[in-house]
Amino acid sequence: MEASYDPEQNPPLHAPLLDRSSPRTRRFAAIFACLVSLLLLLALILNQAQQPFEKVQPRGVGEGVSAKSNPSLLNQVPFNWTNAMFSWQRSAYHFQPQKNWMNDPNGPLYHKGWYHLFYQYNPYSAIWGNITWGHAVSRDLIHWLYLPLALVPDHWYDIKGVWTGSATILPDGQIIMLYTGETNESVQVQNLAYPANVSDPLLLHWLKYPGNPVMVPPPGVKPDDFRDPTTAWLGPDGTWRLTMGSKFDTTIGISLVYHTTNFRDYELLDGVLHAVPGTGMWECVDFYPVAINGSVALDTSSLGPGIKHVLKASLDNTKVDHYAIGTYDPITDKWTPDNPEEDVGIGLKVDYGRYYASKTFFDQHKQRRVLWGWINETDTETADLKKGWASLQTIPRTVLYDNKTGTNLLQWPVEEVESLRLNSTMFKEVLVEPGSVVPLDIGTTTQLDILAEFEIEPLIPSTTNEIDDCGDGAVDRSTYGPFGLLVIADASLSELTPIYFRPLNASDGSLKTYFCTDETRSSKASDVFKQVYGGKVPVLDDENYNMRVLVDHSIVESFAQGGRTVISSRIYPTEAIYGAARLFLFNNATGVNVKATLKIWELNSAFIRPFPFERDSV
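As a starting point, this report considers the structure included with it.

Conventions we followed
Here the residue index of a chain counts from 1 through its sequence in written order. Under the rules for a predicted model, residues below a pLDDT of 70 receive no local features and side-chain atom pairs below 80 are neither given nor counted, while totals for whole chains, interfaces and linings still include all residues. As a convention, hydrogens and water are excluded, and side-chain values are obtained from all of the structure's heavy atoms. Labels follow the DSSP assignment, with helices taken as runs of H or I lasting at least four residues and strands as runs of E lasting at least two, numbered in each case from the N terminus. The classification of residues rests on relative accessible area computed with a 1.4 Å probe and restricted to protein chains. Under 20% of the type maximum is buried, over 50% is exposed, and intermediate values are partly exposed. We call two residues in contact whenever any of their non-hydrogen atoms come within 4.5 Å of each other. In this description, a disulfide is simply a cysteine sulfur pair whose atoms lie within 2.5 Å. We call two N or O atoms a polar contact when they sit within 3.5 Å, provided that within protein one can donate a hydrogen and the other can accept it, with sequence-adjacent residues counted only if both atoms are side-chain atoms. The salt bridge criterion pairs a side-chain nitrogen of Lys or Arg with a carboxyl oxygen of Asp or Glu, the two atoms within 4 Å. Residues enter a nonpolar core if they are buried and are Ala, Val, Leu, Ile, Met, Phe, Trp, Tyr or Cys, with the set joined through side-chain atoms within 4.5 Å. Here, strands pair whenever DSSP counts at least two bridges between them. Axes here mean lines fitted to C-alpha atoms, for a helix over just the part in contact, with angles spanning 0 to 180 degrees between N-to-C directions. Any two of the Phe, Tyr and Trp rings considered here, Trp counted by its six-membered ring, make a pair once their centres fall within 6.5 Å; the pair's planes then place it as stacked at under 30 degrees, edge-to-face at over 60, or tilted in between.

### With respect to the overall build of the protein chain
Secondary structure summary: the protein chain contains three helices and 37 strands in total. Here the protein chain holds 618 residues, and 57% of them are scored as buried. Residue pairs in contact within the protein chain that sit at least 24 positions apart in sequence constitute 65% of those at least 6 positions apart.

In structure tokens:
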């Protein structure tokens with residue numbers, strides 16, 4: 001079903017989203033807020049003077065891996081969450097386990113008609129620990145079926161955790177899985193596993209190589225700074241290469257390179273694939289080729305003219321995934337960024353929101369590179385234990401080189417997500433005046449696929465001071481923005497999450513644009529981490545502003561300008577849930593009208609469930 005927009009049924013509102021008060025009023029409010037804050041701080045100090053304060057270390061740090069919790073929230077007064085609120089938070093079409101904790105995606109691959117996803121998993125609790133490899137399969141990357149555990153910590157070389165790893169498919173069809181294990185003496189080592197029966201489409205049983213570990217920390221690398229091997233690629237000399245993350249001298253992030261001919265014996269090369277001072281420990285490194293002209297992806301071993309290479313690292317210090325595009329020399333095994341000012345860790349982000357530990361694989365079935373990313377919770381461990389689950393994976397994304405800009409990648413949801421689309425609603429050239437909010441009456445708004453295009457119509461130039469980047473959120477007004485969508489909002493706008501463009505005047509007279517998500521008013525709960533996310537997005541002269549937004553209960557994935565900039569958000573509303581959730585357009589610019597054209601689909605559930613072994617086929 002497709003419906004049209006009726007402006008008489010959806011009049012624009014001047015709503016409390018917009019900071020339309022006078023400067024004097026705002027100054028008074030700010031002074032009052034400061035006084036209240038000082039009183040609250042004094043009360044907190046007096047309270048803590050009577051009660052001993054225990055600093056909680058983030059879970060996982062002691063084991064030499066990333067923090068797996070939000071320590072800043074552990075001492076917050078818990079919100080009175082209800083089971084109905086917790087039930088609403090669980091996603092409908094994003095992959096997550098039936099219960100318990102999940103983190104990094106591991107070893108994704110396509111084999112005999114099935115996509116396989118392995119993932120870091122705690123079989124016993126909704127908080128990090130007991131790390132094992134969970135396993136699921138899908139025909140289409142959307143409708144997943146849970147399988148039994150693939151790899152469990154049961155040998156001295158992985159008894160403290162079967163950590164992140166990658167799959168390599170050899171030319172003869174054999175599957176090689178390399179993964180990091182933590183030994184009984186807390187040393188990170190690299191181990192080899194392979195299917196017990198490679199002719200099994202489900203790859204249900206895995207064997208660990210009797211000679212494990214196949215790699216141990218080399219001289220100069222600390223025992224807990226050596227992890228996460230990549231998919232291997234074949235060099236021009238017929239030798240396989242792989243890289244993994246580490247650091248040197250505490251602050252220099254590095255990617256080590258190993259050669260192998262049989263995946264049992266490895267030679268560490270002198271030097272590194274690449275290093276960036278000041279970025280700290282690199283983990284979950286990824287390295288793959290992209291074609292500078294073309295609409296299909298490349299096998300990981302592809303080399304030659306017309307090819308760039310992407311180097312990506314997850315920075316342990318900041319919990320952010322960064323990437324850069326550059327040139328790889330397969331003779332020296334060195335990689336050089338195209339733009340040193342936007343090198344790995346100091347420039348482009350894979351995702352500007354809540355996102356980490358991403359990994360790609362080459363899908364030989366559809367000739368595409370598919371990107372996975374882990375989205376963790378931003379509430380407390382106490383809440384996760386009550387829910388009985390924590391974390392999820394993004395919708396798989398295709399990755400291509402952006403040959404229009406030549407400076408970045410394009411990420412886009414895999415086409416199969418469109419199979420979930422149900423009824424649609426079309427809105428054409430909806431006028432959104434400065435300082436207004438326009439409701440979009442589409443019914444249920446907790447599972448959506450939104451395509452939106454915005455055209456700005458200049459009015460009288462404004463003298464508003466331009467605040468760079470995303471500012472303090474959607475209330476920071478400038479001449480040309482912010483404007484965009486309010487998702488998972490209640491009717492009174494007491495809870496809302498703005499997703500918006502913020503064009504700003506550059507020194508040369510052009511516009512530079514930021515794409516942002518403001519979570520600061522996404523929930524009334526105090527024990528939820530909320531912030532403003534965003535980054536620059538190129539908008540070319542012949543382009544209107546466009547975004548695609550996937551809404552799935554507590555996760556929102558937003559793609560600007562065809563996927564040049566992407567933001568993933570976790571939101572935990574207390575009132576804007578179930579039938580109370582609404583969708584709005586907004587324009588908080590001071591100097592432009594905005595015309596918006598949208599097509600919005602309600603999305604079905606993916607009905608993720610255990611594999612039906614009692615049936616002959618699926």
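### Topic: unusual backbone geometry
Here the amide bond leading from Asn212 into Pro213 is cis, since omega sits at 0°, within 30 degrees of zero. With respect to the helices and strands, Pro213 occurs in the loop between β9 (206–208) and β10 (233–234). Following Gly481, the chain continues into Pro482 via a peptide bond in cis, with omega recorded as 10°. Within the fold, Pro482 resides in the loop between β27 (447–458) and β28 (483–489). Positive phi, normally seen in glycine, also occurs at Lys112, with a value near 50°. Topologically, Lys112 is positioned in the loop between β2 (100–111) and β3 (114–122). Classification of Lys112 as partly exposed rests on a relative accessible area of 48%.

### As for the environment of Asn604
Among the secondary structure elements, Asn604 is positioned in the loop between β36 (592–603) and β37 (609–610). Residue Asn604 is classed as partly exposed on the basis of its relative accessible area, which comes to 30%. Separated by 187 residues in the primary sequence, Asn604 and Val417 have C-alpha atoms spaced 9.8 Å apart. Among residues more than four places away in sequence, those in contact with Asn604 are Tyr93, Leu420, Leu422 and Gln447.

### A few points about the state of the cysteines
Tallied over the entire structure, the rule returns one disulfide. For Cys470, the disulfide goes to Cys516, at an S-S distance of 2.0 Å. Every disulfide takes its handedness from the sign of the S-S torsion; for Cys470 and Cys516 that torsion is -90°, giving left-handed. Taken together, the residues span a long stretch of sequence, with Cys470 in the loop between β27 and β28 and Cys516 in strand β30 (residues 511–518) at a distance of 46 residues. Taken individually, Cys470 and Cys516 each receive the classification buried, so the pair is uniform in this respect.

### Structural notes on the side chain of Asp158
Turning to its location among the elements, Asp158 is positioned in the loop between β5 (144–151) and β6 (162–169). A distance of 2.6 Å separates the side chain of Asp158 from the side chain of Lys208, its partner in a polar contact. With near-sequence residues (within four places) excluded, Asp158 lies in contact with Val152, Pro153, Tyr179, Gly181, Glu182, Asn191 and Lys208.

### Remarks on the pattern of salt bridges
On inspection of all chains with the given rule, the structure shows 28 salt bridges. In this structure, the salt-bridge partner of Glu543 is Lys404, at a minimum N-O distance of 3.1 Å. Here Glu543 is found in the loop between β31 (532–536) and β32 (545–552), whereas its partner Lys404 is found in the loop between β23 (397–401) and β24 (409–413), with 139 residues between them in sequence. For Glu543, a relative accessible area of 17% gives the class buried. Three or more residues joined by partner-sharing salt bridges are found here, namely Asp363, Lys366, Arg368, Glu415 and Glu416.

### A closer look at the nonpolar core
Core analysis: the largest hydrophobic core is formed by 91 residues, its most contacted members being Ile450, Phe454, Leu585 and Leu598. No other element matches β36, which puts seven residues into this core. For Leu598, the residues in contact, after removing those within four places along its chain, are Thr425, Met426, Phe427, Leu440, Ile450, Leu451, Ala452, Leu485 and Leu585. One finds Leu170, Phe226, Ala232 and Tyr266 within the second-largest nonpolar core, a separate group that totals 17 residues.

### Focus: the sheet that holds β31
Strand order in this open sheet of six strands is β26-β35-β28-β29-β30-β31, and the pairing throughout is antiparallel. If you trace the sheet from one side to the other, it starts and ends with β26 (436–439) and β31, each paired once. Each strand axis lies, on average, 20° off the axis of its neighbour in the sheet, ignoring direction. Two strands pair when backbone bridges link them, and β30 and β31 are joined in this way by five bridges, in the antiparallel orientation. Bridged to Thr517 within β31 is Tyr533.

### Looking at the environment of Gly563
Considering the arrangement of structural elements, one finds Gly563 in the loop between β33 (555–560) and β34 (565–570). Along the chain, Gly563 and Asn408 lie 155 residues apart, while their C-alpha atoms are 9.7 Å from each other. What Gly563 contacts, discounting residues up to four positions off in sequence, is Leu409, Leu410, Gln411 and Trp412.

### Observations regarding the environment of Leu409
Note on placement: Leu409 falls in strand β24. For the pair Leu409 and Ile325, spaced 84 residues apart in sequence, the C-alpha to C-alpha distance is 8.4 Å. When residues no more than four places from it in sequence are discounted, the contact partners of Leu409 are Tyr288, Val290, Val310, Tyr323, Ile325, Val399, Leu400, Tyr401, Asp402, Gly563 and Arg564.

### Focus: the sheet that holds strand β21 (residues 389–390)
Overall, mixed pairing links the six strands, which are arranged β21-β2-β3-β4-β5-β37 in an open sheet. The sheet is open, and its two borders are formed by β21 and β37, each paired with just one other strand. When β3 meets strand β4 (residues 132–138), the two strands line up antiparallel, connected through seven bridges. Directly across from Tyr119, in β4, lies its bridge partner Gly134.

### What about the packing of aromatic side chains?
What the rule picks out here adds up to 30 aromatic pairs. Both rings, one in Trp233 and one in Tyr328, keep their centres 5.9 Å apart while their planes meet at 85°; by these two values the pair is edge-to-face. Note that Trp233 is positioned in strand β10 and Tyr328 in strand β17 (residues 320–329), a separation of 95 residues in sequence. The pair Trp233 / Tyr328 is uniform in exposure class, with both members buried.

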